[in-house]
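Listed below are the residues making up each chain.
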Amino acid sequence: MKNKYKLAIFDMGRVLVGFDFAEFAKNLSIYSSLTPEEIKRELWTGEALGKLHNGEFGIEGFFEQFAADINLKGLELADFKEQFLSIFFENPGIEDVLDSLPKDFGRMILSDVGQFHWDNFFCKHPLIKSYFPEDRQKVLSFREGVSKPNPEIFKIALGRAGVKAEEAVFVDDKPENVEAFKALGGEGVQYDCTKEPAAELKQKLKQSGILIS
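Rules used throughout
- Residues numbered from 1 in each chain as written.
- Predicted model: local features only at pLDDT ≥ 70, side-chain atom pairs only at ≥ 80, totals over all residues.
- Heavy atoms only, no water.
- Helix = DSSP H or I, 4+ residues; strand = E, 2+ residues; numbered from the N terminus.
- Rg over C-alpha atoms; globule rule 2.2 N^0.38 Å.
- Buried < 20%, exposed > 50% of the residue type's maximum accessible area, 1.4 Å probe, protein only.
- Contact = heavy atoms within 4.5 Å.
- Areas by Shrake-Rupley, 256 points an atom, 1.4 Å probe, with all protein chains shown as cover.
- 1 Å grid on protein atoms, 1.4 Å probe; cavity = no way out; pocket = protein on both sides within 12 Å on 5 of 7 lines; lining within 4 Å.
- Points joined across faces, edges and corners; volume = space filled by probe spheres on them.
- Nonpolar A, V, L, I, M, F, W, Y, C, P; charged D, E, K, R; others polar.
- Pairing = 2+ DSSP bridges.
- Arc of directions from axis to C-beta.

Undergrad: When you look at the overall build of the protein in this model, what are you seeing that I'm missing?
TA: What the protein contains, in helices and strands, is 12 helices and 7 strands. The C-alpha radius of gyration of the protein comes to 18 Å, within 12% of the 17 Å expected for a compact globule of 213 residues. A principal-axis box enclosing the C-alpha atoms of the protein has dimensions of 60 × 30 × 25 Å. Across the 213 residues of the protein, 50% fall into the buried class. Residue pairs at least 24 apart in sequence account for 66% of intrachain contacts in the protein once pairs closer than 6 positions are excluded. Roughly 10200 Å² of accessible area belongs to the protein as shown, and the carbon and sulfur atoms make up 48% of that amount.

Undergrad: Teacher, can you tell me more about the layout of surface pockets here?
TA: It is a probe the size of a water molecule, rolled over the atoms, that shows where empty space is left. Its boundaries defined by the atoms lining it, the largest pocket holds a volume of some 590 Å³. Together, 33 residues line the largest pocket, and Trp44, Leu49, His53, Asp112 and Lys174 are the ones closest to its centre. For the lining of the largest pocket, the secondary-structure elements that each account for two or more residues are α2 (36–45), α3 (48–53) and α11 (175–183). Looking at the lining of the largest pocket residue by residue, the class counts come to 12 nonpolar, 10 polar and 11 charged.

Undergrad: Honestly, the pairing of strand β4 (residues 106–111) in this entry has me stumped. Any pointers?
TA: Remember that side chains alternate between the two faces of the sheet whenever the strand is regular. Taken together, the 4 bridges between strand β1 (residues 7–10) and β4 define a ladder with parallel strand orientation. Its bridge partner being in β4, Leu7 is matched across the sheet by Gly106. The pairing of β4 with strand β5 (residues 138–140) spans 3 bridges and is classified as parallel. Note on β5: the bridge partner recorded for Ile109 is Lys138.

Undergrad: I would appreciate a short explanation of helix α1 (residues 22–29) in the present structure.
TA: Each α-helix winds once per 3.6 residues, and so residues spaced three or four apart point in a common direction. Inspection of α1 places Phe24, Ala25, Leu28 and Ser29 among the buried residues, and these make up the whole buried set. The buried residues of α1 occupy an angular sector of 135° when projected down its axis, which confines them to one face. On its buried side, α1 packs onto α2, α4 (59–69) and α5 (77–85).

Undergrad: Would you explain unusual backbone geometry in this entry?
TA: Note on backbone geometry: most residues besides glycine have negative phi, and most peptide bonds are trans. The amide bond that connects Lys148 to the next residue, Pro149, takes the cis arrangement and shows omega of 5°. Residue position: Pro149 is located in the loop between α9 (141–144) and α10 (151–161). In this structure, Arg14 takes a positive phi of about 70° despite not being glycine. Assignment of secondary structure puts Arg14 in the loop between β1 and β2 (18–19). Of note, the phi angle at Asn71 is positive, near 55°, even though the residue is not glycine. When you line up the elements, Asn71 lands in the loop between α4 and α5.

Structure below.
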């Protein structure tokens with residue numbers, strides 16, 4: 001059976017690599033008048049993280065804005081950076097999923113990420129270096145100035161890969177991002193490595209029609 005797909009596009013956070021802001025928020029709460037849950041809520045709903053991801057803020061601007069948003073006092077930037085990098089953990093078995101894709105299949109990452117996390121974690125990660133070695137395989141929000149679920153970032157990825165939306169499968173942990181890609185005519189798979197093992201993603205890709213060896 002001929003595979004109609006030519007490209008698999010993967011989000012990074014909570015797909016290829018896990019992350020959790022719980023401990024980060026708990027540590028920040030020592031220096032803030034807010035609770036850990038309030039800090040996490042402000043992180044996701046406030047403007048600072050979006051500006052970091054879109055490249056409008058570097059880490060210094062993000063720290064200044066977020067510190068003001070959560071009334072953070074007494075924590076130095078160097079310590080904040082260290083804690084901001086401590087959120088990540090591995091997704092066991094994800095290499096098996098990537099190895100199981102057809103040999104002639106294109107692979108790309110498309111992620112909402114700030115330059116700080118890219119420069120200090122993701123670009124150095126063995127998984128990223130091994131499976132996505134070429135710059136054309138990386139569509140990163142801080143470089144493009146646009147984030148998911150804006151359709152423009154998906155169009156950038158498809159254009160760079162030279163494929164149509166219906167020839168691509170996109171994997172992301174957020175349903176709104178998956179639906180945005182489907183609206184362009186592509187196949188979308190929702191997967192969150194903090195809730196599901198990598199073997200579940202492999203099964204979902206099979207069900208989507210990708211021929212996996």
